[in-house]
Amino acid sequence: MDIDETLRKRGIELRRTATTTLQINVGFKCNLACRHCHVEAGPSRREMMESRTIEAVIACAGRLHFQAIDITGGAPELLPGLPRLISGLAPLTSKLLVRTNLVALARPEFVGLIDFYRRNGVGIVASLPSINPDQTNGQRGAGVFERSVAALKLLNGFGYGRQKSGLGLDLAVNPTGAFLPADQAQAERRFRLDLERKHNIEFSSLFTFANVPLGRFRTWLEGSGNLGPYLKKIEESFNPCTVPHLMCRTTVSVDWQGFLYDCDFNLAAGLHHCGKKKHVSELAELPPEGTSIPIADHCYACTAGAGFTCSGSILQ
Amino acid sequence: MTSYYDPQDLPKFAEIGKNAPELAEKFFDYYNAVFADGALTEREKTLIALAVAHAVQCPYCIDAYTVACLEKGSNLDEMTEAVHVANAIRGGASIAHAVQMRKIAEKLSM
């Protein structure tokens, strides 16, 4: 059943509420080519946010207040203008996050970024799909687990993830296949115990996410014969209690060219905010509450079971 | 019917309740309570279930609990060790009964 029909049968309309978050996708260039990536980021991609778009994003954040600003990609580290973006945004919000695949951040040419993040109060959200090397490497590429562990130790060395440092280091955990994620609280307990015991690594919080059937993940699902069963699973796991808390209701997402969406998944699917191309420079006010949100069947991933946002599981 | 086992039948598990519904209700209430978090975590119980599924050789359970183990955050290393536990106990049970065999043979033998 289409998600449209699922919502209609339950008398639910998906509309925006007060906007709190600006998520910025700086582009699809990445040093990795993870199999679950909904935007198909990778080393061969060239799309990266240019200076004038960076300035337009900063200007927008100055015009309108966002409680949180979240920078993602691709690999944000690879954006030459990232320092300008961060220094422009840091004074404009109380919560500035940058996502990382860890492998990029640990590259020698980017180690200076960690201190730059620290000085600007940037919180880090780091991808680590599993404490099992085979599962992590299966999703992200050979050797990624070991390099991720090294990067986490480096970040701990700068104070990130250490108790009372005030420097947030959150882990983002996506399943390493065609299945839904573990309970977030249980996963956090397990990761905390294992990373501390085996690697002496600390972190702040852990967020679980369902893989969204778009981009390279969808291609992998098709090729492995898992597409039909996975789509069926996320549809059958639809939980109406998640709908009021979906991130598309409170997030404005901006792509590398400055065009607006309601979330990074709609960005990947090409579903523009309000159904038409609008540039961040044209956003004079926050989207009004009650604005309709474009949806498609990939949205079942966010409404499955406990439900998922960019800050992890909705219901715990 | 070309096979006794069809993966499409697994979701029909609960149809047993179409007859003798009170018994099905008691069973499924107990079943769900067994797998809830307790002194053992859901993940630990799911790994035990996977091991038992191999011991009793139920393809439905092997299917369901392979998926459940992955969804509880387990991995092939843990799941393989769990299967080895089942294997060790099944094998060990045979060997343990060899004590009986040896006792009888020793009694009868000069």
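Bear in mind the structure is a predicted one, so any value in this text is a computation, not a measurement.

Rules behind the numbers
- Residues numbered from 1 in each chain as written.
- Chains lettered and ligands numbered in written order.
- Predicted model: local features only at pLDDT ≥ 70, side-chain atom pairs only at ≥ 80, totals over all residues.
- Contact = placed C-beta atoms within 7 Å.
- Helix = DSSP H or I, 4+ residues; strand = E, 2+ residues; numbered from the N terminus.
- Nonpolar A, V, L, I, M, F, W, Y, C, P; charged D, E, K, R; others polar.
- Axes fitted to C-alpha atoms, helices over the stretch in contact; angles between N-to-C directions.
- Parallel < 35°, antiparallel > 145°, perpendicular 65-115°, else oblique.
- Left-handed = near helix turned anticlockwise from the far one by under 90°.
- Expected span 1.5 Å × (residues − 1).
- Buried ≥ 20, exposed ≤ 12 C-beta atoms within 10 Å, placed from the backbone.
- Arc of directions from axis to C-beta.

1. Overview of the interface of chain A and chain B
Every contact between the two is made by 11 residues of chain A and, on the other side, 11 residues of chain B. Only helix H5 (133-140) and helix H7 (184-199) of chain A provide two or more residues apiece to the side of chain A that touches chain B. Of the residues forming the side of chain A that touches chain B, the biggest block, 3 residues, is contributed by H7(A). Residues belonging to the side of chain A that touches chain B are distributed by class as follows: 4 nonpolar, 5 polar and 2 charged.

2. Focus on the packing of helix H2 (residues 42-56) of chain B against helix H3 (residues 59-71) of chain B
All names here are of chain B. Axis separation between H2 and H3 bottoms out at 9 Å; the angle between their running directions is 155°. Between H2 and H3, the interaxial angle falls into the category roughly antiparallel. The chirality of how H2 crosses H3 is left-handed. Every residue of H3 that contacts H2 at Thr46, Leu47, Ala49, Leu50, Ala53 and His54 is listed here: Cys61, Ile62, Tyr65, Thr66, Ala68 and Cys69. A breakdown of the residues in the contact of H2 with H3 according to their chemical character gives 9 nonpolar, 3 polar and no charged.

3. A closer look at helix H2 (residues 51-63) of chain A
Residue and element names in this part refer to chain A. Over its 13 residues, H2 runs 18 Å from end to end, which matches the ideal 18 Å to within 8%, given 1.5 Å per residue. Looking only at H2, the buried set comprises Thr53, Ile54, Val57, Ile58, Cys60 and Ala61. Along H2, the residues classed as buried sweep out an arc of 160° about the axis, all on the same side. Facing away from the buried side of H2, by more than 90 degrees, are the exposed residues Ser51, Arg52 and Gly62. Looking at the buried positions of H2, the neighbouring elements they touch are strand E1 (21-25), strand E2 (68-72), helix H3 (82-89) and strand E7 (251-254).

4. Looking at the environment of A:Pro43
Residue and element names in this part refer to chain A. Secondary-structure assignment places Pro43 in the loop between E1 and H2. The exposure class assigned to Pro43 is exposed, which follows from the 11 C-beta atoms found within 10 Å. In this structure the C-alpha to C-alpha distance between Pro43 and Asn31, which are 12 residues apart in sequence, comes to 5.1 Å. Not counting chain neighbours up to four residues away, the residues in contact with Pro43 comprise Cys30, Asn31 and Ala33.

5. A few points about the environment of A:Val252
Residue and element names in this part refer to chain A. By the element assignment, Val252 lies in strand E7. On the neighbour-count criterion, Val252 (24 C-beta atoms within 10 Å) is buried. Taking the C-alpha atoms as reference points, Val252 and Gly225, separated by 27 residues in sequence, lie 34 Å from one another. Val252 has contacts with Thr19, Leu22, Leu260 and Pro287, leaving out every residue within four places of it along the chain.

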